Amino acid sequence: MIETPSYADALRILGCKDGRLVKVVGFASTAARTGYALAGSGQLATTSLRDMREAIVAFGEDVVRRMPEPRRGVDRFTRTQRLAAAHAVIVVSAYFEALGEARLPFTLERLDRGETISRGVPTRERFARLVAALLLERLPTPEPHVPYADTRKEVERVFLRMSEAVAGYVGGLSVWDELSADERLLLPRLLAEGPPARALRTYDEDYRSLALDSHEFGVRSLVTDRPQRATALSRVAWLLAELAPPRVGDQPLIHRVRMAANALDQPLLLAGKLPEDVSLPLLGEGYLSPRCRVAELTRESAPADRVWWEERRLLPDPEAFLVGHLTSLRATQAPLLVLGEPGSGKTKLTEVLAARLARSEFLPIRVELGGVRARAGVAEQIEQAVAAVLGEKVAYADLVAAGDGAMPVILLDGFDELVQGGVHRYDYLERVREFQAAEAGHGRPVAVIVTSRTVVADRIRFPPGLLALQLRPFDDDQVRQWLDIWDQANRALLARRDLKPLTAEAALVHGEMARHPLLLLLLALYDAGGNALHHDHGPLARSRLYEVLLRDYTERETGGAHRVAIDQELVLLGAVALSMLARGSQVITDEALNRDLPALCHGGEEDPGEDEPRVDWARRATERFFFVRRNGHAFLHSTFAEFLVAWLTLYAVRDLDRRRRLVGDEPLALVQAVDDDLLYAVTSHSCLAERGPTVGFILELLDEVPSAVRARCADQLAGLLRRSLHERPRRHFTGFRPVRHTMTRRLAAYSANLTLLIVAASEQPVTVSSILRGPDHLERWSSLTYLWKGQLGQEGWDGLVTALAARRIMADGVEDVVLGADADAGAMGDVVVAVATGHTPRHRRLLDLLLRAVGEGRSLPYRERAGILEELLRTAGVRTPALHRALGALWREEGADRAELRPLLEALLADPADRLSTWDQLVKAGIPESALWEIHQDALLPGDPRRLD
């Protein structure tokens, strides 16, 4: 939850001059901290409930009357604080106004004439407790993602709590004894039904007055309306101009930062070499305001699940939400997380929003996380991004000071790169929140927006108060709107070749592809080559679209080259993508490319001779439409890299099959094996499953391969897998080493990728016994899985577990493991570990089911279920995802005796080598980090330097 102001905070923020209110609140605050005896009662000697009501109502009327005044001549965040304080004032004022007019069996004056001591407690102490309950509690504040009706319900609950406090106060006074029995019975009901209902009506009136006088509150009301279609967040600019006039006279440093953020007059895509026969719309014209769902994330949230998002609230006006969020208290207390699929427009959102904020009272700073040091602190990353733009290093504190009151808005784009790039910064959002808290403590409040792929959201730890937006695909109207923009930009150009722009009817045939902004643009580019999409050939797969687009563009660029030459160009692009994947980065330098590309595309075994011309491989590969400059070279979109790695992998598999067939009739074919050097070079540096879309592209590409070829390839790959860990005396492409891994790491990646490719190429599920032939197939499978888990790293192992479904079977009394589509998706982690433990088949078959029953079953007593888990952990050495989930379920169970789980958690956290990944899995299962930290500390021996006594 975020911190909202109490009435006492509001008095301080708004500079209340009423001595009665200041004294009574000051006394109640002191009493709450030190106790009534130490606080003294002098401040309350002249204060009564009636006087306090009069002062509160008068101050509330004064705040509503002069609402425009507190907004003048102050910075953005001060206005936000004052508006939140004004809302707190009207909430309390509405209740006290209603309390004085309620029909009760006594008057406030009668309450004030009570005895000095009531029921053994000084009356003034009771009064101080009442004041604390009414004026020191934090109050709800309007937020742009919360409908007014929901805020009103929160305010109503506050009014009911206040009435309960008043009822408790009256029950402790002598006036209680003067009431009749019927009056005593009716009093709680009278207080619960009378003042709250009347106060809500007063609150509604005062809120409307605030909304009329304050555009910030007006924006919160607009969030629930459905606006007209707009482009490039134009309503954000209009709403910001309503809040404050554009800034003028910035210091030169800030002016340069603002100018760098203004990208609306740049093409929609900052590509390298654009096709000559099409025109890309400008960003300010071609970016459509997104559709969004919104949710506040908790430990129980599942933002990586599409189904979970379907139940979240759809924002009718995302632009009003963005303005409302940036002018709210939450913006400076927790980051806003923007999630979306690849190509959904996350980066473009940050670019357009930065441009719209550039002329406002905010100071936008975009940080491409793929282009800064991944392990650096947030402030250091911001400084690196600013230095790349300005060409000089500027300390973050100096930058904010130069802004002269402009509130920084940090746009951190590409958080998934920190999670998927081998850095494992799962706690990054917590670090961002700590950065915001530290900056607020220095008097420099800052808003932060973070973008990420949805797929990594299940590997993120969510700090309290984290709000998330999910970018939705285009609806049919947005597809038509964008294609109208495309039509205006390209109709004349295409008419020169007797072509027409892509129509909505032709695009919508392709379903979801037409509803993702990037893919819709790619469809339009592909159709511009010859109106291929105007002919109804059915929907394209995404891999097919990427391939035909790449081939079509390359063919036009090379003047109609034949297929082999085009394949060579795609291999070159695939080598660039492979170098990025192996390094865990989306950006690569000229130096790295000039080292890697000849090693893979030119053999790389020998340096070129003196007579051979030197080739600038980096320039040759990246002078294409598909690349952008970003502190190095990056693909137009990360999905291009993932597709090209998949394409290059399948190219190597098909090349192996082609050469096997060519030597099939040769006399020495039986003794002369065709080498797998290219496939080894392509697949031995990292697990393909580290990037989920890569596996998806492989499956789509294989759908176009004839069944006979797929079967042949699967058989050949199985033979390679059986020999994959054996020594090979000589290999080619040894110069291709994007990163230096140990031989065991490369063999682990190679064998894991071979297994993935076997399952992908097989049109039916495959058994372990069919690919690891022999009576010891499970033992060999166990060795492979141990190798993968130990060598691929957490990212590779997690990706493999997700991509490779598996289940155990018994066939003719022999245990086996089935891999493929018919297996239980997501169960591979338990299958692998269970098989690797070496226990009897009966134990292995029951393990998954038993763990699930322990976590979810309610028929067994809690202690017995905890005992079963302990037995599995201590005697069988089971450490699986299912075990973590079962522990989390027991921890969260209502009425759980968590002391029973402490020994198990101590044992799980005892191994330092596996502690980090176990810690993350337990937190994701629902066990708080604070509890794990306490358990870990208690397990350390006295005197251990790691123990914090």
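The structure under discussion appears in the preceding block.
All values reported here derive from a predicted model rather than from experimental measurement.

Here is what the cut-offs are and how they apply
- Residues numbered from 1 in each chain as written.
- Predicted model: local features only at pLDDT ≥ 70, side-chain atom pairs only at ≥ 80, totals over all residues.
- Heavy atoms only, no water.
- Helix = DSSP H or I, 4+ residues; strand = E, 2+ residues; numbered from the N terminus.
- Buried < 20%, exposed > 50% of the residue type's maximum accessible area, 1.4 Å probe, protein only.
- Contact = heavy atoms within 4.5 Å.
- Areas by Shrake-Rupley, 256 points an atom, 1.4 Å probe, with all protein chains shown as cover.
- Pairing = 2+ DSSP bridges.
- Phe/Tyr/Trp six-rings, centres within 6.5 Å; stacked < 30°, edge-to-face > 60°.
- Axes fitted to C-alpha atoms, helices over the stretch in contact; angles between N-to-C directions.
- Salt bridge = Lys/Arg side-chain N within 4 Å of Asp/Glu carboxyl O.
- Expected span 1.5 Å × (residues − 1).
- Parallel < 35°, antiparallel > 145°, perpendicular 65-115°, else oblique.
- Nonpolar A, V, L, I, M, F, W, Y, C, P; charged D, E, K, R; others polar.

(A) Seen up close, the overall build of the protein. If you tally the helices and strands in the protein, you get 43 helices and 14 strands. The proportion of buried residues among the 949 residues of the protein is 55%. Taking the intrachain contacts of the protein between residues at least 6 apart in sequence as the baseline, contacts between residues at least 24 apart amount to 76%. Of the roughly 41,200 Å² that the protein leaves accessible, carbon and sulfur atoms contribute 51%.

(B) Structural view of the sheet that holds strand 14 (residues 814-819). Taken together, the three strands give an open sheet; going across it, the order is 12-14-13, and neighbouring strands pair in antiparallel fashion. Only two strands of the sheet have a single neighbouring strand rather than two, namely strand 12 (766-767) and strand 13 (806-811). Pairing between strand 12 and strand 14: two bridges, direction antiparallel. If you follow Thr767 over to strand 14, its bridge partner there is Val818.

(C) Up close: the packing of aromatic side chains. The tally for this structure, following the rule as stated, stands at 17 aromatic pairs. Each ring, one from Tyr95 and one from Phe96, has its centre 6.1 Å from the other, and the planes form 90°; the classification is edge-to-face. For Tyr95, a relative accessible area of 0% gives the class buried. When the centroid spacing of 5.9 Å and the interplanar angle of 25° are considered together, the rings of Tyr95 and Phe159 count as stacked. Of this pair, Tyr95 sits in helix 5 (residues 76-101) while Phe159 sits in helix 8 (residues 148-171); the two residues are 64 residues apart in sequence, bridging distant segments of the chain. Accessibility classification places Tyr95 together with Phe159 in one group, the buried group. One aromatic cluster in this structure is built from Tyr546, Phe640, Phe643 and Phe697.

(D) Expanded view of the sheet that holds strand 8 (residues 447-453). What the seven strands build is an open sheet, ordered 4-3-9-5-8-7-6; its pairing is mixed. This sheet does not close on itself; its edge strands, each paired only once, are strand 4 (313-315) and strand 6 (362-368). Between one strand and the next, the sheet's axes are offset by a mean angle of 25°, whatever the strand orientation. Along the sheet, helix 16 (residues 318-326) makes contact with strand 3 (291-296), strand 4, strand 5 (336-340), strand 6, strand 7 (407-413), strand 8 and strand 9 (467-472), crossing strand 9 at roughly 160°.

(E) Geometry of the pattern of salt bridges. If you walk through the whole model with that rule in mind, you get 48 salt bridges. A cluster of three or more residues bridged by salt bridges with shared partners is formed by Asp416, Glu417, Arg453, Glu642 and Arg691.

(F) Summary view of helix 32 (residues 707-723). With 17 residues, helix 32 extends 25 Å from end C-alpha to end C-alpha; this agrees with the ideal 24 Å at 1.5 Å per step. Looking at helix 32, one finds that the buried residues are Val709, Arg710, Cys713, Ala714, Gln716, Leu717, Ala718, Gly719, Leu720 and Leu721.

(G) Quick look at the pairing of strand 6. The element strand 6 is extensively covered by neighbouring structure, given that five of its seven residues are classed as buried. Judged from the seven bridges that link them, strand 6 and strand 7 form a sheet pairing that is parallel. Residue pairing for strand 7: Ile365 is matched across the bridge by Ile410.

(H) How the structure looks around the packing of helix 25 (residues 542-557) against helix 29 (residues 638-662). Put simply, helix 25 and helix 29 touch, their axes get as near as 11 Å, and they point 90° apart. Regarding the angle of helix 25 to helix 29, the classification is roughly perpendicular. Contacts between helix 25 and helix 29 involve Arg542, Ser543, Tyr546, Glu547, Leu549, Leu550 and Arg551 on the former and, on the latter, Thr639, Phe640, Phe643, Leu644 and Trp647. Partitioning the contact of helix 25 with helix 29 into residue classes produces seven nonpolar, two polar and three charged.

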